[in-house]
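Okay, here's what each chain looks like letter by letter:
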Amino acid sequence: MSIPADIKIKNGSLPPSPGVYLMKDAAGKLLYIGKATSLRTRVGSYFVRPADERIARMVSRIGRIDYIETPTAIEALILEAKLIKKRQPPFNVMEKDDKSFIHLAFTREEYPRPVLIRGQELARVPKSRFLKTFGPFRSAYSVQAALDALRPSFPWTLCKPDQGRPCFYRHLGLCPGVCTGEITPAAYRRIIRQLIRFFEGGRRGIIRDLERQMKAAVSAERFEEAAAIRDRLRNLAHIQDIAVLKREDVRLEEFIDLFGRIEGYDISNISGQDAVGSQVVFVDGRPRKSEYRRYLIKTVEGSNDTAMIAEVLSRRFAGYGPALIGRGSGRWPLPDLILIDGGAGQVNAARRVLEARGLNIPLVGMAKGLDRKRDELVYDKSDYELARLIAAFKPLLQHLRDEAHRFAVAYHRRRRSERFLS
């Protein structure tokens, strides 16, 4: 993987360490910025066989290669994003359309959460919702891998506060006890502020602060606290971040536009009587009430919410079928996502209806948990894009669910009143 002799390299050679490389033309104009686990290996790979025509054009213009070494691949990821945002190299800007770039945002909540948001989504959300945002990053997988690698040092969580039982990550020591009420909002926010500081490039300062805190805890004979800080320092010194850049080339082909058309469905009945269904529509994240629809259940007898949701979806998509897709069939546009007020049974029934019509529309179920205090989300856990959206925009999905429920209950009450008065 030798680099042509006429290309100038900073310090004469590339080191085998993590870092960011800057491709420039002979006149010194910046062409491209990239990151690497090994600068020597990654940069050398460009001169073996370029990945595509765009990269081949870029490589043919390279006259100089500069680089910046970083202690870890995660810091290379962070530095790459900062430099691309600041300097806008032409071959980076051409790489993807704006909606595909990923940003890391920290929510402004009692217990802040790190979430991944695409550029198009970020533009539609009030900036006041976030403490801080970073990006753009090219790969959602790389950013998620970075968060996962940093979690032992900065135990962040997505779980609901005080939910009554420990989440899966609490057992692993990767949730500091938000779910069980073992950590105060102030103490948790200190952890998140340190994580934000890391993404700002403050790794050395964080280490100094943790060392001071550990010594203070030992002096005060708070040995358990000192041991926990010691473990965080060890994790920070030995970050397992190889996956951060190994995932670099994975591309998310799917893009779910949560601010396009999304539809919510619910069923309302009492022991099967006066059974009705609702369809509510959100566009651009807001209700579009002119497109709400009511369904009087016609084919299901008795209390069977699963069969009822199947009937509603069958009627909603009656104009669609494998032979009609792409021909403008159906009365209304296809949604970008469907949310069902219900659990696995209702979601599976809805999926069967869609599959029978050749429709591949993302499905999410939202049901009350066993304690009725928290929502149970049902969706394809292998769908990374769907999981990302649920983490970032759960309040929007809850609003959609609540609106579907309200609309269904209102119609059910009206039907009951009409029956009593007749």
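Worth saying up front: this structure is predicted, and the values here are computed from it rather than measured.

Novice: Explain the nonpolar core here, please?
Specialist: For soluble globular proteins, nonpolar side chains are generally found buried alongside one another. Counting residues in each nonpolar core, the largest one holds 41 residues, and the members touching the most others are Leu 104 and Phe 198. Of all the secondary-structure elements, those providing two or more residues to this core are helix 3 (73–87), strand 5 (102–107), strand 7 (130–137), helix 6 (140–150), helix 8 (185–199), helix 9 (203–219) and helix 10 (223–237). Sort the elements by how many residues they give to this core and helix 8 lands first, with 8 residues. For Leu 104, the contacting residues outside a window of four places in its chain are Pro 114, Val 115, Leu 116, Lys 132, Thr 133, Phe 134, Phe 137, Val 143, Leu 147 and Phe 199. Core analysis: the next-biggest nonpolar cluster, separate from the first, contains 28 residues, Leu 122, Val 280, Leu 337 and Leu 397 among them.

Novice: Please clarify how the side chain of Thr 107 should be interpreted in this entry.
Specialist: Within the secondary structure, Thr 107 sits in strand 5. Overall, Thr 107 belongs to the buried group, its relative accessible area being 1%. A polar contact is formed between the side chain of Thr 107 and the side chain of Glu 109, at a distance of 2.5 Å. Polar contacts involving the side chain of Thr 107 include one to the main-chain amide nitrogen of Arg 113, which spans 2.8 Å. Apart from residues lying up to four places away in sequence, Thr 107 is in contact with Pro 112, Arg 113, Val 115, Arg 129, Phe 130 and Leu 131.

Novice: In this structure, what is going on with the state of the cysteines? I would like to understand it.
Specialist: By definition, a disulfide links the sulfur atoms of two cysteine residues through a covalent bond. Overall, the coordinates contain 0 disulfides when judged by the stated rule. Cysteine Cys 179 shares no disulfide, and the gap to the nearest cysteine sulfur, in Cys 167, comes to 3.7 Å. Judged by its relative accessible area of 0%, Cys 179 falls in the buried class.

Novice: Looking at this structure, how should I read the confidence of the model for the protein?
Specialist: Detailed reading of the predicted model is not advised wherever pLDDT is low. Per-residue confidence for the protein gives a mean pLDDT of 88, with 90% of residues at or over 70. A low-confidence stretch, residues 247–253 (pLDDT under 50), is modelled with 18 contacts involving residues beyond four sequence positions or located in other chains.

Novice: Help me out: how do you make sense of the pattern of salt bridges in this one?
Specialist: A side chain of one charge can pair with a side chain of the opposite charge when the charged atoms of the two come close. Here the structure, examined in full by the defined rule, presents 27 salt bridges. The residue Arg 118 makes a salt bridge to Glu 385 at a minimum N-O spacing of 3.0 Å. Highlighted residues: Arg 118 in strand 6 (residues 114–118) and Glu 385 in helix 14 (residues 384–421), separated in sequence by 267 residues. In this structure Arg 118 comes out as buried when scored by relative accessible area, which is 3%. Classification of Glu 385 as buried rests on a relative accessible area of 1%. With a closest N to O distance of 3.8 Å, Arg 165 and Glu 376 form a salt bridge. In this pair, Arg 165 is assigned in the loop between helix 6 and helix 7 (168–171) and Glu 376 in strand 14 (residues 375–378), connecting sequence segments 211 residues apart.

Novice: Is there a simple way to think about helix 9 in this case?
Specialist: In an α-helix, one turn spans 3.6 residues, which is why side chains three or four residues apart end up on the same side. Across its 17 residues, helix 9 extends 25 Å between first and last C-alpha, which sits within 8% of the 24 Å expected from 1.5 Å per residue. Of the surrounding elements, those touching the buried residues of helix 9 are helix 3, helix 8 and helix 10. A positive backbone phi angle near 60° is found at Glu 221, which sits one or two residues after helix 9.

Analysis parameters
- Residues numbered from 1 in each chain as written.
- Predicted model: local features only at pLDDT ≥ 70, side-chain atom pairs only at ≥ 80, totals over all residues.
- Heavy atoms only, no water.
- Core = buried A, V, L, I, M, F, W, Y, C linked by side-chain atoms within 4.5 Å.
- Buried < 20%, exposed > 50% of the residue type's maximum accessible area, 1.4 Å probe, protein only.
- Helix = DSSP H or I, 4+ residues; strand = E, 2+ residues; numbered from the N terminus.
- Contact = heavy atoms within 4.5 Å.
- Polar contact = N/O pair within 3.5 Å; in protein donor to acceptor, adjacent residues only side chain to side chain.
- Disulfide = S-S within 2.5 Å.
- pLDDT = per-residue confidence, 0-100.
- Salt bridge = Lys/Arg side-chain N within 4 Å of Asp/Glu carboxyl O.
- Expected span 1.5 Å × (residues − 1).

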